[in-house]
Amino acid sequence: MKVAIIGASLGGLFAAYHLARGGVEVEVYERASVPGLPPRTLIVTNKLNEVLGFVPEEAIVNRIRKLEIFSRSKSVRIELSRPDLVIERERLIKLLARLAEEAGARIHLGYQFEGFFRAGKKMVLKLRNLKSGKTFTPLSDILVGADGISSAVSRAISCDGHFPTALLQARVALQGEGASDTCQVWFDPDYTKYFFWSIPECAKLSTVGLIADDDRQARVGLEAFLKERGLKPLEFQGAKVPLYRWSGLRGGESGRRGVFLVGDAAAQVKVTTVGGVVTGLYGARALARAILNGGDYKRELRELKLELNLHLLVRNILNRFRNEDYDELLERFNGTLTGLLQRWNRDELRSFFFKMILTEPHLLRIGLKTLFRSLKEGKVGG
Ligand SMILES: Cc1cc2nc3c(=O)[nH]c(=O)nc-3n(C[C@H](O)[C@H](O)[C@H](O)COP(=O)(O)OP(=O)(O)OC[C@H]3O[C@@H](n4cnc5c(N)ncnc54)[C@H](O)[C@@H]3O)c2cc1C
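Residues numbered from 1 in each chain as written. Predicted model: local features only at pLDDT ≥ 70, side-chain atom pairs only at ≥ 80, totals over all residues. Heavy atoms only, no water.

Colleague: Give a detailed account of helix α10 (residues 323-334), specifying residues and quantitative values.
Modeller: Helix length check: α10, at twelve residues, gives a terminal C-alpha distance of 17 Å against a target of 16 Å (1.5 Å per residue), a fit within 8%. Contact partners of the buried residues in α10: β4 (60-70), β5 (75-88), α9 (302-318), α11 (338-342) and α13 (362-376). (Helix = DSSP H or I, 4+ residues; strand = E, 2+ residues; numbered from the N terminus. Expected span 1.5 Å × (residues − 1). Contact = heavy atoms within 4.5 Å.)

Pasting the structure below:
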């Protein structure tokens, strides 16, 4: 069996690694001539280690042991019992590429996927060599789209339904001493319904940024944030990330006649924090397992879908929050919930969400209040 994977980033390379290890012939096609660029600083929970099956030491640039969350007039400080990891994406991609190649996968750089057609049981791929301009038409039994938010594979199977959100961050000199193990988060719905962050990479550098509905809102928000704190940007990092929806991207999960999607191409992104690394890797591993065991990708994704749906429910409520709602929320976080939040892992929302509600039923009241308020104001939908 031959599997062609489009995209040599996190999702594609992790699927390639598992499949090649399982004895499958894997060809990975990537349009960039150097994978992993431009640089991107990422923060993930230590669930990453569990999904990868190892600790990616060479990609970890820092470990976060404390989380400080701010609303307009409240704040909460949480000591994480399992540190979050700050990752340089390029290093993780290089590591996964090496593992995939060692397992037997072949990675072809500078090849752009432009479509495919069927010839009997096989698929004929149309790939353009971006250096020579020539078209190359290899055969494959299975096609995997790991080609991100603008997935050409998802378009080729008429499964293009990505809802983009904009992430923009800037690297800045870190202010204050002893803060290199503390990640800070600010809720300010006047600028964004998501949040701002500061993620220290080391004692001297931090990445500050925000999630916004579009590029303009992201730029305005980040400019205001930097100005207010007197921070000078050293470099900007930004791109679109797809939002997961209730329906998922159905065609890409059912494997429409041998074509599957993983990672951002499948919108496998937690919409509370717009984090797609751990969930995308989970999706890649699920697909590899389904192919290797002759199983069903949809079934392998069941746990992930439950988790993503719960994040979507929480996001739908948070989207309606005002400053005073965040104040009220943080007040509750400071009380009975501190212990739970210390063990908090945002990739395991299912395991602590209901415990949180039981421990602090007032959270339910805050959520319902915001829902009823927006219904009264006529704001329905996500
Ligand atoms: C600024 C920013 C900060 C972020 N921070 C975090 C974070 O802190 N934590 C977190 O969990 N997530 C974060 N994310 C989201 C996370 O980076 C993505 O969810 C994740 O990288 C997606 O990986 P992927 O492999 O699915 O897709 P991508 O990384 O988008 O890779 C797609 C690959 O496919 C290739 N490709 C595309 N089209 C073609 C084609 N036609 N032919 C051949 N190759 C093609 C591309 O060149 C690329 O290499 C952030 C995103 C941004 C933009």
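Moving on, there is more to tell.
Colleague: Account for the sheet that holds strand β6 (residues 106-109), naming residues and giving values.
Modeller: The strand order across the open sheet built from five strands is β6-β2-β1-β11-β17, with neighbouring strands paired in parallel fashion. Because the sheet does not close on itself, it has two edges, and the strands there are β6 and β17 (259-261). In this sheet, neighbouring strand axes are inclined to one another by 20 degrees on average, regardless of whether the strands run parallel or antiparallel. Both strand β1 (residues 2-6) and strand β2 (residues 25-30) contribute to a ladder of five bridges, which runs parallel. Bridge assignment links Ala-4 to a residue of β2, and that residue is Glu-27. Where helix α1 (residues 10-21) meets the sheet, its contacts fall on β1, β2 and β6, and the angle it forms with β1 comes to roughly 165 degrees. (Pairing = 2+ DSSP bridges. Axes fitted to C-alpha atoms, helices over the stretch in contact; angles between N-to-C directions.)

Colleague: I'd like a rundown of a nonpolar patch on the surface, residues and numbers included.
Modeller: On the surface, Leu-364, Leu-368, Phe-372 and Leu-375 cluster together into a nonpolar patch covering about 400 Å² of accessible area. With respect to the helices and strands, the residue Leu-368 is situated in helix α13. A relative accessible area of 40% means that Leu-368 is categorised as partly exposed. (Patch = residues over 30% accessible without salt bridge, like charges linked within 9 Å, V, L, I, M, F, W, Y side chains within 5 Å. Areas by Shrake-Rupley, 256 points an atom, 1.4 Å probe, with all protein chains shown as cover. Salt bridge = Lys/Arg side-chain N within 4 Å of Asp/Glu carboxyl O. Buried < 20%, exposed > 50% of the residue type's maximum accessible area, 1.4 Å probe, protein only.)

Colleague: Tell me about the packing of aromatic side chains, and name the residues and values.
Modeller: Here the structure, examined in full by the defined rule, presents 14 aromatic pairs. Arranged with centres 6.2 Å apart and planes meeting at 70 degrees, the rings of Tyr-29 and Tyr-111 form a pair that is edge-to-face. One end of the pair, Tyr-29, is in strand β2; the other, Tyr-111, is in strand β7 (residues 111-119), with 82 residues separating them in the sequence. Tyr-111 shares its class with Tyr-29; the two are buried. A centroid spacing of 6.2 Å and a plane angle of 80 degrees characterise the contact between Phe-187 and Phe-195, whose relative ring orientation is edge-to-face. The residues Phe-187 and Phe-195 share a single accessibility class, namely buried. Here Arg-245 stacks its cationic end above the ring of Phe-163, 3.9 Å away from the centre of that ring. (Phe/Tyr/Trp six-rings, centres within 6.5 Å; stacked < 30°, edge-to-face > 60°. Lys NZ or Arg CZ within 6 Å of the ring centre and 35° of its normal.)

Colleague: Tell me about the site of the ligand, residues and numbers included.
Modeller: Near the ligand lie 29 residues; those nearest to it are Ser-9, Glu-30, Arg-40, Ile-43 and Asp-264. In this structure, an oxygen atom belonging to the ligand sits 2.7 Å away from a side-chain N or O atom of Ser-9. The separation between an oxygen atom of the ligand and a polar side-chain atom of Arg-40 is 2.8 Å. Of all the secondary structure elements, the ones that give two or more residues to the shell around the ligand are α1, β2, β3 (41-44), β7, β12 (163-173) and β16 (235-243). Here the shell around the ligand is built from residues that sort into 13 nonpolar, ten polar and six charged. (Near = heavy atom within 4 Å. Polar contact = N/O pair within 3.5 Å; in protein donor to acceptor, adjacent residues only side chain to side chain. Nonpolar A, V, L, I, M, F, W, Y, C, P; charged D, E, K, R; others polar.)

Colleague: Residue-level account of the side chain of Thr-182, with values.
Modeller: Take Thr-182: it is sitting in strand β13 (residues 182-186). With a relative accessible area of 9%, Thr-182 lands in the buried category. Within the structure, Thr-182 has its side chain in polar contact with the side chain of Asp-181 (distance 3.1 Å). Beyond its immediate chain neighbours, meaning those up to four positions away, Thr-182 contacts Ile-64, Lys-66, Glu-68, Ser-198 and Pro-200.

Colleague: Quick one: what's the story with the environment of Phe-225, residue by residue and with numbers?
Modeller: Of note, Phe-225 is situated in helix α5 (residues 215-228). Relative accessible area serves as the criterion here: at 4%, Phe-225 is assigned to the buried category. Each C-alpha atom, one on Phe-225 and one on Pro-242, is 24 Å from the other, the two residues being 17 residues apart in sequence. For Phe-225, the contacting residues outside a window of four places in its chain are Trp-186, Phe-196, Val-208 and Leu-231.

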